[in-house]
Amino acid sequence: MRGLIGFIVMIQGAMGFIGQVFFDGAWGLLPHWFSLPSPAYVGLFAAGAALAVWGDHAKKRKQQGQGAGSGAV
């Protein structure tokens, strides 16, 4: 679930930054609710990428059976 949320946040950050810097306004859902500066969209992209990597890493660790709590469920 972290990976999916991270991917969505990453896309929103990229769309907001690209739209605001290269076109006349930010794109995506966030500009409908918040007025953010361009560096904030870069931060959102980085946070989304970190969540996506974290989620992917946790999924791989769970598949290998090396995580804490990987007992019988």
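About the criteria used
Residues numbered from 1 in each chain as written. Predicted model: local features only at pLDDT ≥ 70, side-chain atom pairs only at ≥ 80, totals over all residues. Heavy atoms only, no water. Patch = residues over 30% accessible without salt bridge, like charges linked within 9 Å, V, L, I, M, F, W, Y side chains within 5 Å. Areas by Shrake-Rupley, 256 points an atom, 1.4 Å probe, with all protein chains shown as cover. Salt bridge = Lys/Arg side-chain N within 4 Å of Asp/Glu carboxyl O. Helix = DSSP H or I, 4+ residues; strand = E, 2+ residues; numbered from the N terminus. Expected span 1.5 Å × (residues − 1). Buried < 20%, exposed > 50% of the residue type's maximum accessible area, 1.4 Å probe, protein only. Contact = heavy atoms within 4.5 Å. Axes fitted to C-alpha atoms, helices over the stretch in contact; angles between N-to-C directions. Parallel < 35°, antiparallel > 145°, perpendicular 65-115°, else oblique. Left-handed = near helix turned anticlockwise from the far one by under 90°. Nonpolar A, V, L, I, M, F, W, Y, C, P; charged D, E, K, R; others polar.

*Asks:* Can you help me understand a nonpolar patch on the surface in this one?
*Replies:* A cluster of nonpolar side chains, M1, L4, I5, F7, I8, I11, M15, I18, V21, F22, F23 and W27, forms an exposed patch at the surface whose accessible area comes to about 1,200 Å². Turning to its location among the elements, F7 is positioned in helix α1 (residues 2–22).

*Asks:* Where do I start with α1 in this structure?
*Replies:* Residue pairs spaced three or four apart in an α-helix point in one direction, given the helix's 3.6 residues per turn. For α1, built from 21 residues, the straight-helix expectation of 30 Å at 1.5 Å per residue is met to within 8% by its first-to-last C-alpha distance of 30 Å. Looking only at α1, the buried set comprises G6, M10, Q12, G13, G16 and G19. Along its buried surface, α1 packs onto α2 (30–33) and α3 (38–64).

*Asks:* Please clarify how the pattern of salt bridges should be interpreted in this entry.
*Replies:* Oppositely charged side chains are able to pair whenever their charged atoms sit close together. One pass over the full model with this rule turns up one salt bridge. Note that K60 and D56 form a salt bridge whose closest N and O atoms lie 3.6 Å from each other. Placement of the pair is K60 and D56 together in helix α3, with a separation of four residues, close to one helical turn. You can call D56 partly exposed: its relative accessible area is 33%.

*Asks:* For this particular structure, what's the right way to read α3?
*Replies:* Taking 1.5 Å as the rise per residue, α3 with 27 residues should run 39 Å; its terminal C-alpha atoms sit 40 Å apart, in good agreement. The complete set of buried residues in α3 reads S38, Y41, G48, A52, G55 and A58. Each element contacted by the buried residues of α3 is listed here: α1 and α2.

*Asks:* Is there a simple way to think about the packing of α1 against α3 in this case?
*Replies:* When two helices pack together, their arrangement is captured by the angle between the axes and the distance separating the axes. At a closest axis distance of 7 Å, the pairing of α1 and α3 adopts a crossing angle of 160°. Classified by the angle between their axes, α1 and α3 sit roughly antiparallel to one another. The chirality of how α1 crosses α3 is left-handed. In the contact of α1 with α3, the residues fall into 16 nonpolar, nine polar and one charged.

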